[in-house]
Amino acid sequence: MQLANSVGQAFSLRTGFIRSSAFLLAVTLSTATDNSSPRVPVLLELFTSEGCSSCPPADRLLQLLDQSQPAADANLIVLSEHVDYWDRLGWKDPFSSPQFTARQRDYADRYSREGPYTPQLVVDGRFALVGSDSREANAAIQKAAREPKVAIVLSNAARDGKQVKAHIGVPPAPNAKKRSALLYLAIADNRAESHVARGENAGRSLAHVAVVRVLKEAGTIDLRSASSKEVVLTVPAGAGASGLRLIAFLEDPGSGHILGAAVQKL
């Protein structure tokens, strides 16, 4: 908790530079790549909290990346995962979950860092950085886009009342570096907003993109052969007011690296 607080304060000076750095990110990414190259899916996980005063610039950067898709060789698939360790400091984030805190701690253990902090952006499970640092995000995205990915085919995805149903197909990937992977499914709000009444962001209205409401491990996939799954997920109460998106990704259970990802708006 102390680390989250101290790191957040240390990076609060970046707030004033978010607009110019975001513009630089878009220019750099769009000019550094070949427009004819196929887009490689790159998963961006932002660990954030409405109780953290340093997080809104990172939230805005994630929205920019999602909307503008500035990397010519990467399809940026974004997730906002709201941690709960800020909830005891004046404001309980309505989107927070101990599940996301645990996921961030798993990343921290793999990287042998001192511990989790906000805002933190994890790119493809490979690179961790301060979530509002557009220069580091640029470098990490370009590195991640050079990694070959396993294809994931999302089809027949639709919302039916309180349920989301979809077909997940994974073609055989005989040249994949790993033999198997964990399949994860996420349901996320396209957009969510809050008016924060207390804590470090008291009085502010905050907006978020791709806010994860469900994150579920859906089994192990053998990458050497074709896999096919019909999946059903339950939409939690209050989710989907601004539309939903379904995200599927494959994770190496050992390293946490993302081996493939796909997204479909519902």
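This report concerns the structure included in the present document. (Residues numbered from 1 in each chain as written. Predicted model: local features only at pLDDT ≥ 70, side-chain atom pairs only at ≥ 80, totals over all residues. Heavy atoms only, no water.)

## Examining the sheet that holds strand S9 (residues 227-234)
Point 1. Read across the open sheet, the three strands follow the order S5-S6-S9; overall the sheet is antiparallel. The sheet is open, and its two borders are formed by strand S5 (153-160) and S9, each paired with just one other strand. Neighbouring strand axes in the sheet, compared pairwise and without regard to direction, differ in orientation by 10° on average.
Point 2. Sheet topology places S5 next to strand S6 (residues 163-170); six bridges connect them, and they run antiparallel. Residue pairing across strands places alanine 158 opposite lysine 165, the latter belonging to S6. (Pairing = 2+ DSSP bridges. Helix = DSSP H or I, 4+ residues; strand = E, 2+ residues; numbered from the N terminus. Axes fitted to C-alpha atoms, helices over the stretch in contact; angles between N-to-C directions.)

## Structural notes on the nonpolar core
Note that soluble globular proteins tend to have their nonpolar side chains buried in a common cluster.
Point 1. Within the largest apolar cluster, 44 residues are counted, with the highest numbers of intra-cluster contacts made by Val42, Leu44, Leu121, Val123, Ile141, Ile247 and Phe249.
Point 2. Residues in contact with valine 123, not counting those within four places in the same chain, are Val42, Leu43, Leu44, Leu129, Ala140, Ile141 and Ala144.
Point 3. Judged by nonpolar contacts, the second largest core, of 27 residues, contains Ala166, Ala218, Ile221 and Leu259. (Core = buried A, V, L, I, M, F, W, Y, C linked by side-chain atoms within 4.5 Å. Buried < 20%, exposed > 50% of the residue type's maximum accessible area, 1.4 Å probe, protein only. Contact = heavy atoms within 4.5 Å.)

## Here's the deal with the pattern of salt bridges
Point 1. Taken as a whole and assessed by the stated rule, the structure comprises eleven salt bridges.
Point 2. One salt bridge in this structure joins lysine 177 and glutamate 147, with 3.7 Å as the shortest N-O distance. Of this pair, lysine 177 sits in the loop between S6 and strand S7 (180-195) while glutamate 147 sits in the loop between helix H5 (134-145) and S5; the two residues are 30 residues apart in sequence, bridging distant segments of the chain.
Point 3. The exposure class assigned to lysine 177 is exposed, which follows from its relative accessible area of 70%.
Point 4. Owing to a relative accessible area of 22%, glutamate 147 belongs among the partly exposed residues under this scheme.
Point 5. Where aspartate 222 meets arginine 224, a salt bridge forms, and the shortest distance between an N and an O atom there is 3.0 Å.
Point 6. Aspartate 222 gets classed as partly exposed once you look at its relative accessible area, which sits at 28%. (Salt bridge = Lys/Arg side-chain N within 4 Å of Asp/Glu carboxyl O.)

## Some points on the side chain of aspartate 252
Point 1. Counting through the fold element by element, aspartate 252 comes out in the loop between strand S10 (244-251) and strand S11 (258-265).
Point 2. In this structure aspartate 252 comes out as buried when scored by relative accessible area, which is 6%.

## Overview of the packing of aromatic side chains
Point 1. All chains considered together, the criterion is met by two aromatic pairs.
Point 2. Their ring planes at 70° and their centres at 6.1 Å tell us that phenylalanine 47 and tyrosine 107 sit as a pair that is edge-to-face. Taken together, the positions of phenylalanine 47 in strand S1 (residues 40-48) and tyrosine 107 in helix H4 (residues 98-111) put the pair 60 residues apart, joining distant regions of the chain.
Point 3. According to the relative accessible area criterion, phenylalanine 47 is buried, its value standing at 0%.
Point 4. Look at tyrosine 107 and you get buried, because its relative accessible area is 1%.
Point 5. A centroid spacing of 5.2 Å and a plane angle of 10° characterise the contact between tyrosine 184 and phenylalanine 249, whose relative ring orientation is stacked. Of this pair, tyrosine 184 sits in strand S7 while phenylalanine 249 sits in strand S10, and the two are 65 residues apart along the sequence.
Point 6. Just above the ring of tyrosine 184 sits the side chain of arginine 103; from NZ or CZ to the centre is 5.3 Å. (Phe/Tyr/Trp six-rings, centres within 6.5 Å; stacked < 30°, edge-to-face > 60°. Lys NZ or Arg CZ within 6 Å of the ring centre and 35° of its normal.)

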